[in-house]
Amino acid sequence: MTRPERREQLMAVARGLFADKGLEGTSVEEIAAHAEVSKPVVYEHFGGKEGLYDVVVDREVRRLHDAIYAAISRPHTDPRSLIELGTLALLDYIEEEPDGFRIISRDSSPYSQGGTFQTILSSIASRVEGLLADQFGRRGFDPGTAPLYSQMLVGLVALAGQWWVESRENTTLTKPQVAAHLVNLAWHGMQRLHPQPVLRVTEEADDQQP
């Protein structure tokens, strides 16, 4: 193999092991054995399993980040369509790259400089925040609550995505159905928002005070 080919081979082997066992559960010995090379070859290319993990995570993060941003950055798209496009982009990635999604959603590498799943969600939430603030201002809602709502929306989709990748063999729900249910909850929930929400249990407790 050429040096670039060997590097790609080691990354492919490690990617599968990291998906199954995580960073801590995977050893350099395992990576070398599965790649049919000696341990020094792994160290030569990546400096150790941490360096290899960093490269694998960075590639997956960029792949998912680019896919979601491409989906939600289309011009002249209405808010509901943006939610649908973003949801489908995440589910597409989960379906096509389940190992990659397991790696970046389960493990948070202290060695990675390229970001993690959490940084992707924060980045996407910032994009959604601007859209929500604009809509809130038009409807008489407090735009200052847009950051909270953007985090809730993105978290809703992300957690459902994590459930789907682990449950696909045990559920009859297809990807479009999962996306439709997510959008159903997110969109119709947003449509019926109260501008000044209060907790009913708090009101009941106040009413019972002597």
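Everything below is about the structure printed above this text.
These figures come from a predicted structure and were not determined experimentally.

Engineer: Help me understand the overall build of the protein in this model?
Structural biologist: Counting secondary structure elements, the protein contains ten helices and zero strands. Overall, the protein shows an N-to-C arrangement of helices and strands of α-α-α-α-α-α-α-α-α-α. Taken along its principal axes, the extent of the C-alpha atoms in the protein is 75 × 50 × 35 Å. For the protein, with 210 residues in total, the buried portion stands at 40%. Expressed as a percentage of contacts within the protein between residues at least 6 apart in sequence, the contacts between residues at least 24 apart total 68%. Here the protein holds 21 positive side-chain charges and 30 negative ones, and the gap between their average locations is 4 Å.

Engineer: For this particular structure, what's the right way to read the packing of helix α5 (residues 79-96) against helix α8 (residues 146-167)?
Structural biologist: A pair of packed helices is characterised by two quantities: the angle between their axes and the separation of those axes. The N-to-C vectors of α5 and α8 enclose an angle of 25°; their axes lie 10 Å apart at closest approach. As summarised for this structure, α5 and α8 are arranged roughly parallel, according to the angle between their axes. You can see that α5 and α8 cross each other, and the crossing is right-handed. On α8, the residues touching Thr 87, Leu 90, Leu 91, Ile 94 and Glu 95 of α5 are Val 157, Ala 158, Gly 161, Trp 164 and Val 165. Tallied by class, the residues present in the contact of α5 with α8 amount to seven nonpolar, two polar and one charged.

The rules behind each value
- Residues numbered from 1 in each chain as written.
- Predicted model: local features only at pLDDT ≥ 70, side-chain atom pairs only at ≥ 80, totals over all residues.
- Heavy atoms only, no water.
- Helix = DSSP H or I, 4+ residues; strand = E, 2+ residues; numbered from the N terminus.
- Buried < 20%, exposed > 50% of the residue type's maximum accessible area, 1.4 Å probe, protein only.
- Contact = heavy atoms within 4.5 Å.
- Lys, Arg positive; Asp, Glu negative; His and termini not counted.
- Charge placed at Lys NZ, Arg CZ, Asp CG, Glu CD.
- Axes fitted to C-alpha atoms, helices over the stretch in contact; angles between N-to-C directions.
- Parallel < 35°, antiparallel > 145°, perpendicular 65-115°, else oblique.
- Left-handed = near helix turned anticlockwise from the far one by under 90°.
- Nonpolar A, V, L, I, M, F, W, Y, C, P; charged D, E, K, R; others polar.

Taken by themselves, the reported measurements are silent on function.
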